[in-house]
Amino acid sequence: MLFSVREFEALARDRLPRYAYDFIAGGADDEVTVRANERAFARLRLLPRVLRGHAQRDLCTTLFGNEVTMPVVLSPTAFHRLADPQGEQATARAAAKAGTVMIASMASTVSIGDIAKAGGADLVLWFQAYIQSDIGITRTLIRRAEDAGCRALVVTVDSPVFGWRERDNRNGFHDLPPGMHCENMRDLTADGGVRDIEMVPGLSWNHIDRVVAMTDLPIVLKGVLHPADALTAVEHGVSGLFVSNHGGRQLDTVVAAIDAVADVAAAVDVPVLVDGGVRRGTDVVKALALGARAVGIGRPVLWGLAARGEEGVTEVLELLRAETDRAFAFCGCASVDHVACDLVREVRC
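Residues numbered from 1 in each chain as written. Predicted model: local features only at pLDDT ≥ 70, side-chain atom pairs only at ≥ 80, totals over all residues. Heavy atoms only, no water.

Enquirer: Which parts of the structure should I look at to understand the overall build of the chain?
Expert: Helix and strand content of the chain: 12 helices and 12 strands. In summary, the chain has a C-alpha radius of gyration of 19 Å against a globular reference of 20 Å for 349 residues, a match within 12%. For the chain, the spread of C-alpha atoms along the three principal axes comes to 65 × 45 × 40 Å. Among the 349 residues that make up the chain, the fraction classed as buried is 58%. Here the contacts in the chain between residues at least 6 apart in sequence split such that 75% fall between residues at least 24 apart. As presented, the chain carries roughly 14,600 Å² of accessible surface, and 51% of it is formed by carbon and sulfur atoms. In the chain, which carries 37 positive and 45 negative side-chain charges, the distance between the mean positions of the two groups comes to 5 Å. (Helix = DSSP H or I, 4+ residues; strand = E, 2+ residues; numbered from the N terminus. Rg over C-alpha atoms; globule rule 2.2 N^0.38 Å. Buried < 20%, exposed > 50% of the residue type's maximum accessible area, 1.4 Å probe, protein only. Contact = heavy atoms within 4.5 Å. Areas by Shrake-Rupley, 256 points an atom, 1.4 Å probe, with all protein chains shown as cover. Lys, Arg positive; Asp, Glu negative; His and termini not counted. Charge placed at Lys NZ, Arg CZ, Asp CG, Glu CD.)

In structure tokens form, the structure reads like this:
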């Protein structure tokens, strides 16, 4: 039996090839932001309330009309078949079992349709997309997500170019192993092959306007850190924001995601989520106290998948559920709505 996300990471490190572990664990440049994401949570301390008499706690919340059983969702992460042969299908089944959202990556090694089938009717599925320079390709991807029953579109906007990842370069990991592909990009070339995912340096608010106009799905912008950008996003019809620095994988030395949440949440009146560095249920409580509606986990999902497949993802989610419930009890919180900003203090070391 494993008792923490850290133990799942250690087991995954032992089981994965070096290139696969480094791809998942690594970040950009000196990986300052990778480390900062976790350290920022440690810098935040809880100031619990007592004698509030909540024998039972309710972790449920609602995200863009989707009811979930806890304020923890699965952030989009690429290439799950690097961790387990079942890949995103195993992850989908675990998310459905846990009653929470899976945000499927555009760079999934299983197509969005097959992910939806694996998760079944109980899966709350969202789709993450990078806007492509050919807007027709973007439109096709959105249609595929809609056809698969996705309930929200998460548009990643922090990646105009690829981050410089020294671990991947050192390992020579620049493409998937034989037999693996970004399946959502299949049949998007003239010869019916798999199209490369493109980063678009010219990405602008005009692109967001076009995406908003082409779907009725709620649009969540992922990668927003500056409150001024949050305000602009709402003006352009965005339904929600995902405060994220891409897990420290794009621009290094950018602020820790949790350090940006309060300002973004204060600036807008739409749901705000955050990912990057969440490893414990206490981290979930801290994020909620700072104004997030829910947190996303990325690497912990892949650690669980690499360690024990579908069951490993389930165990990671249930660990975080139990830790969050315990933290609620200690802090005197009956529900997500009871987690207030006065529960958190920042300690400068």
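Enquirer: Explain the packing of aromatic side chains to me, please; I cannot follow it from the model alone.
Expert: Enumeration over the complete set of coordinates arrives at 5 aromatic pairs. An angle of 35° between the planes, with centres 5.2 Å apart, marks the rings of Tyr-19 and Phe-173 as tilted. You can see Tyr-19 sitting in helix H2 (residues 18–25) and its partner Phe-173 sitting in the loop between helix H7 (166–171) and helix H8 (205–213), a full 154 residues away along the chain. Feature note: the residues Tyr-19, Phe-23, Phe-79 and Phe-173 constitute an aromatic cluster, connected by ring pairs. Its end group placed over the ring of Phe-23, Arg-249 keeps NZ or CZ at 4.8 Å from the ring centre. (Phe/Tyr/Trp six-rings, centres within 6.5 Å; stacked < 30°, edge-to-face > 60°. Lys NZ or Arg CZ within 6 Å of the ring centre and 35° of its normal.)

Enquirer: How should helix H1 (residues 5–15) be read in this particular structure?
Expert: The periodicity of an α-helix, 3.6 residues per turn, causes residues three or four positions apart to be oriented the same way. When we look at burial in H1, the residues that qualify are Val-5, Phe-8, Glu-9, Leu-11 and Ala-12. The buried side chains of H1 occupy one side of the element, clustering within an arc of 165° when seen end-on. On the buried face of H1, the contacting elements are H2 and helix H12 (299–331). (Arc of directions from axis to C-beta.)

Enquirer: For this particular structure, what's the right way to read the side chain of Asn-37?
Expert: Its place among the elements puts Asn-37 in helix H3 (residues 32–43). Asn-37 sits in the buried class, given a relative accessible area of 2%. Setting aside its immediate chain neighbours within four residues, Asn-37 contacts Asn-245, Gly-247, Gly-248, Ala-256, Ala-257, Gly-276 and Gly-277.

Enquirer: Which parts of the structure should I look at to understand the packing of helix H4 (residues 88–98) against helix H5 (residues 112–119)?
Expert: Closest axis-to-axis distance for the H4/H5 pair is 8 Å, and the angle between their directions is 40°. On the basis of the axis angle, H4 is oblique to H5. Like other packed secondary-structure pairs, H4 and H5 cross with a definite hand, here right-handed. Contact residues: Glu-88, Gln-89, Ala-92, Arg-93 and Ala-96 in H4; Asp-114, Ile-115, Ala-118 and Gly-119 in H5. Its residues assigned to classes, the contact of H4 with H5 shows 4 nonpolar, 2 polar and 3 charged. (Axes fitted to C-alpha atoms, helices over the stretch in contact; angles between N-to-C directions. Parallel < 35°, antiparallel > 145°, perpendicular 65-115°, else oblique. Left-handed = near helix turned anticlockwise from the far one by under 90°. Nonpolar A, V, L, I, M, F, W, Y, C, P; charged D, E, K, R; others polar.)

Enquirer: I would appreciate a short explanation of unusual backbone geometry in the present structure.
Expert: Most peptide bonds take the trans configuration, and most residues that are not glycine carry a negative phi. Positive phi outside glycine occurs at Leu-51, with the angle close to 55°. Turning to its location among the elements, Leu-51 is positioned in the loop between strand S1 (44–46) and strand S2 (61–63). Residues other than glycine seldom take positive phi values, yet His-246 does so here, at roughly 65°.

Enquirer: Would you explain the pattern of salt bridges in this entry?
Expert: Pairing between side chains becomes possible if they bear opposite charge and their charged atoms approach one another. Counted according to the given criterion, the structure contains 20 salt bridges. For the salt bridge of Arg-167 with Asp-22, the shortest nitrogen-to-oxygen distance reads 3.1 Å. With Arg-167 in helix H7 and Asp-22 in helix H2, the pair connects residues that are 145 residues apart, well separated along the chain. Judged by relative accessible area, Arg-167 falls into the partly exposed class, the value being 22%. Its relative accessible area of 4% is what places Asp-22 among the buried residues. When salt bridges with common partners are traced through the structure, they connect Arg-6, Glu-9, Arg-13, Glu-38 and Arg-279 into a single cluster. (Salt bridge = Lys/Arg side-chain N within 4 Å of Asp/Glu carboxyl O.)

Enquirer: In this structure, what is going on with the nonpolar core? I would like to understand it.
Expert: Note that soluble globular proteins tend to have their nonpolar side chains buried in a common cluster. Ranked by internal contacts, the top residues of the largest apolar core, which has 110 residues, are Phe-79, Leu-125, Phe-127, Leu-153, Leu-221, Leu-241 and Val-243. Per-element tally for this core: the top contributor is H12, with 14 residues. The contacts of Leu-125, once residues within four sequence positions are left out, are Met-102, Ala-104, Ile-112, Ile-115, Ala-116, Gly-149, Cys-150, Arg-151 and Ala-152. One finds Ile-103, Ala-152, Val-154 and Val-220 within the second-largest nonpolar core, a separate group that totals 14 residues. (Core = buried A, V, L, I, M, F, W, Y, C linked by side-chain atoms within 4.5 Å.)

Enquirer: Hey, could you run me through the pairing of strand S7 (residues 153–156) in this one?
Expert: Within a regular beta strand, the side chains point alternately toward one face of the sheet and then the other, so they alternate between its two faces. Burial of S7 is two-sided: the residues Leu-153 and Val-155 facing one way and the residues Val-154 and Thr-156 facing the other way are all buried. Examined bridge by bridge, strand S6 (residues 124–129) and S7 share 3 bridges and lie parallel to one another. The residue bridging Gln-128 from the neighbouring strand is Val-154, located in S7. For the crossover that starts at S6, traverses helix H6 (residues 135–147) and ends in the parallel S7, the hand is right-handed. The pairing of S7 with strand S8 (residues 219–224) spans 4 bridges and is classified as parallel. The residue of S8 that forms the bridge with Val-155 is Leu-221. (Pairing = 2+ DSSP bridges. Right-handed = clockwise from strand over helix to strand, strands pointing away.)

Enquirer: Would you mind showing me how to read the pairing of strand S11 (residues 294–297) here?
Expert: Side chains Ala-294 and Gly-296 project from S11 onto one buried face, and the interleaved Val-295 and Ile-297 project onto a second face that is buried too. The sheet contact formed by strand S4 (residues 72–74) and S11 spans 3 bridges and is parallel. Residue pairing in the sheet places Leu-74 in a bridge with Ile-297 of S11. Relative to S11, strand S10 (residues 272–275) runs parallel, the two being bridged by 3 bridges. By the bridge assignment, Asp-275 is partnered in S11 with Gly-296. With helix H11 (residues 281–289) bridging S10 and its parallel neighbour S11, the resulting β-α-β unit is right-handed.

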